[in-house]
Every structure is written in structure tokens, then in C-alpha cells.
Amino acid sequence: MCKNSQDIICSNAGTCHCGRCKCDNSDGNGLVYGKFCECDDRECIDDETEEICGGHGKCYCGNCYCEAGWHGDKCEFQCDITPWESKRRCTSPDGKICSNRGTCVCGECSCHDVDPTGDWGDIHGDTCECDERDCKAVYDRYSDDFCSGHGQCNCGRCDCKLGWYGEKCEHPHSCPLSAEESITKCQGSSDLPCSGRGKCECGKCTCYPPGDPRVYGKTCACDDRRCEDLDGVVCGGHGTCSCGRCICERGWFGKLCQHPRKCNMTEEQSKSLCESADGILCSGKGSCHCGKCICSAEEWYISGEFCDCDDRDCDKHDGLICTGNGICSCGNCECWDGWNGNACEIWLGTEYP
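What counts, and at which threshold
- Residues numbered from 1 in each chain as written.
- Predicted model: local features only at pLDDT ≥ 70, side-chain atom pairs only at ≥ 80, totals over all residues.
- Heavy atoms only, no water.
- Pairing = 2+ DSSP bridges.
- Helix = DSSP H or I, 4+ residues; strand = E, 2+ residues; numbered from the N terminus.
- pLDDT = per-residue confidence, 0-100.
- Contact = heavy atoms within 4.5 Å.
- Core = buried A, V, L, I, M, F, W, Y, C linked by side-chain atoms within 4.5 Å.
- Buried < 20%, exposed > 50% of the residue type's maximum accessible area, 1.4 Å probe, protein only.
- UniProt positions renumbered as here; feature names shortened; annotations may be inferred.
- Domains from an automatic or database assignment.
- Buried area = accessible area lost by both parts, 1.4 Å probe.
- Salt bridge = Lys/Arg side-chain N within 4 Å of Asp/Glu carboxyl O.
- Polar contact = N/O pair within 3.5 Å; in protein donor to acceptor, adjacent residues only side chain to side chain.
- Nonpolar A, V, L, I, M, F, W, Y, C, P; charged D, E, K, R; others polar.

1. Focus on the pairing of strand β32 (residues 332–335)
- One ladder, built from 4 bridges, connects strand β31 (residues 326–329) with β32; its direction is antiparallel. In the strand pairing of β32, C328 is matched with C333.

In C-alpha cells, the structure reads:
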């Protein structure tokens, strides 16, 4: 009656008396407890401070549960960001912390796999938003039958092959075109079917996000989101967007109509605002106009306030920087609404074409 699940009497932390465990607590602190003396809160004591969980958490059965802003086995490490910022980074698109499938530590989610077998790997994503089990008609960890064998699993959603549709790609789609003919029709003059911004089905493109009027065209070639800055302002408020390109009003120029043609600054004042921290004008990769750097057009990948960023550092998917679903901001992809992933390759919207 005193043996634990490993057949060890009182977990080697107590003595058995008349079928009951009496835990070793010679110092009288009561840190060893449990039916089989399986809980030892001495494991929570910080060696340096000699406090339980370093004074920044609570101990339960030998494990520390840290206060906001602290982490580590003994809650000995303090986060370098505020609890609010940590929570913001861990909040998934549906508003839940780590999608209720993980633990948030200093702004990063550690995903839990809720499968009873204890194996890991089906749940992933920056905020644990992806669950590959949703792609299987009948969940079986030891089966590779994703999307009924007729598609690829993309963050828990099935991206069906040509000729198939349905939530799990379980329904066949009749199409008179061959797969090659269909892709050729969807490709048009683009390098990718549907310009990498849509789904090709029987020679026709469905642009996504579904219902977003900013992405359009027979091959989804027009993406008016490219006319917006990170704050969502179209063409800097000084132009109109046409198929992803800004047409600037008179007196303005630039990719996003952000530069005025007239300038009321002196050349010295302008240059002083264009100097980077090392004292070089526009990092030597652009020209200065009215206190702002205009990066070299010949090197398309140069960007940033002082032309100090290289957009080639941004992650790619299908050969496209930020998969065409976000803006490359100084080496990191800033994804548009509904998209996630290092390269903005994961669609998280409620509908999927």
C-alpha cells in the first residue's frame, strides 16, 4: 500500500507504517509530502538565495510556478521585457495566450502537445496556433494520411491538390484540364501560379485573403496592400493606388509618395538628418532629399530610414520575400492581417479558399 507507481516504497523519501507513508521531515518544515511522499518542495529552493522559487513564485510538488516577468527552474531569471509586452507577443490571433496550447515565457511560447501518448510535434507556430492533427480525417499519430492524401497541411488547414476540395480534401473535383494546363492558365506572365497570392483550381485563381478587394486580377497580379505603409496609410496620403503601384499627386514622389518635391530646408539641415550613427550619409547607399534618405533604386533590396537595411535578410517562401503577404522591415517580415510565420506563409483567417 506504500508503493508508488514505480513500486518504490514511499518514493524513498519516507517510511511505511501500517500501510501509510510517513514522510521524512526531520527539520520540521513539511517540504516532503504526498500519499507516497512523492512531492519534495526542497527541489524549489534556490541555492543562492535559499528562498523557495527565489521569492518570485510558488512551489507545487517540487515545481516552481513563477510570477509574471520571471522564469527558470527556480524563477531565478527576470525577463528583459515587461509582462505586458510578453503577453502581447504570446497572444495568438484568436486572442488567447499561446492559443491555450502552450506556456508563455518572456514573450515566447513553448507549445504543449496535448496528445495522450506524450509525443511532441503536431502543435507549432509562434503562438502555438498550428495543430497538424486538424488535417487528418481520423487522427492517428502514426499515420501520414494528411488531407486525405490529396493536399498539404498548412497550419492545421488543408491546401488541396488540383482536382480535390473540402475541409480535409475529401471530395474530388471534376476538371477537363490537366494539372499542367491548369497551372499554365493560372500562371499567366507570373513566375508562380496566381502570383503566389492565390489558389489555382481548374485554371482559375481564387485570390486570398478571401473577400479582400485589395488583391485582385485574373492571376492575382494586383496587390494594393503594397501601396500601404506599416500604419496602413495608402500612398502616404499623397496619391492613389493602381494595381499595387502608387500614382503620386503633383508635388510628391517616391514608392509611397512619401517625398515632397519642394523642400524648405537648407542643404546642411537636410544632410544632418540623413546621417546615420556612423556619420555616413544614408549609409553610403542612397541620396538625401529634404532630410530623408532615398535608397538606391539599382539595389532594390536596400531599405530603412538610413538605407541601412537589407531586405534580402527577410525570410522567403516559394521564392517570395515575406511570401508576398507582408512588408520586409529591416530584415524582419511584418505580416499583414491574417498572416503569420517568419515568412508570413501561414494563413490564419477564418475562411480558406
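2. Some thoughts on the confidence of the model for the protein chain
- When pLDDT is averaged along the protein chain, the result is 83; 93% of the residues meet or exceed 70.
- Note that residues 116–120 has pLDDT below 50 and, in this model, 9 contacts with residues that lie over four places away or in other chains.

3. Points about the nonpolar core
- Ranked by size, the top nonpolar core spans 9 residues in total: Y208, C314, C322, C328, C333, W336, W339, C344 and W347.
- With sequence-adjacent residues up to four places away left out, C322 is seen in contact with C314, D315, K316, I327, C328, C333, A343 and C344.
- Counting residues in each nonpolar core, the second largest holds 8 residues, with C274, C282, C293 and Y301 among its members.

4. Some words on the UniProt feature "domain: Epidermal growth factor-like" (unreviewed entry) in the protein chain
- Per the UniProt entry, the sites bearing "domain: Epidermal growth factor-like" (unreviewed entry) are residues 44–75, 186–220, 227–257 and 314–344 in this numbering.
- Helix makes up 6% of residues 186–220 and strand makes up 29%, while its end C-alpha atoms are separated by 9 Å.
- With 0% helix and 32% strand, residues 227–257 has its two end C-alpha atoms placed 9 Å apart.

5. Remarks on the environment of I280
- Mapped onto the secondary structure, I280 falls in the loop between α3 (267–274) and β25 (286–289).
- Along the primary structure I280 and Q187 are separated by 93 residues, whereas in three dimensions their C-alpha atoms are 44 Å apart.
- Contacts of I280, omitting those with residues within four sequence positions, involve C274 and E275.

6. Topic: the domain arrangement of the protein chain
- Annotation of the protein chain at the domain level lists domain 1 (10–78), domain 2 (84–172), domain 3 (179–223) and domain 4 (316–347).
- If you average the C-alpha positions of domain 3 and of domain 4, the two centres end up 18 Å apart.
- Contacts between domain 3 and domain 4 engage 8 residues on the former and 8 residues on the latter.
- Taken together, both faces of the contact between domain 3 and domain 4 bury some 540 Å²; the carbon and sulfur share is 68%.
- When the area that domain 3 buries against domain 4 is broken down by residue, the three leading residues are L192, Y208 and P209, summing to 54%.
- Along the contact surface separating domain 3 from domain 4 lie 0 salt bridges.
- Seen at the junction of domain 3 and domain 4, the total is 0 residue pairs in polar contact (both at pLDDT 80 or more).
- Classifying every residue of the side of domain 3 that touches domain 4 by side-chain character gives 4 nonpolar, 2 polar and 2 charged.

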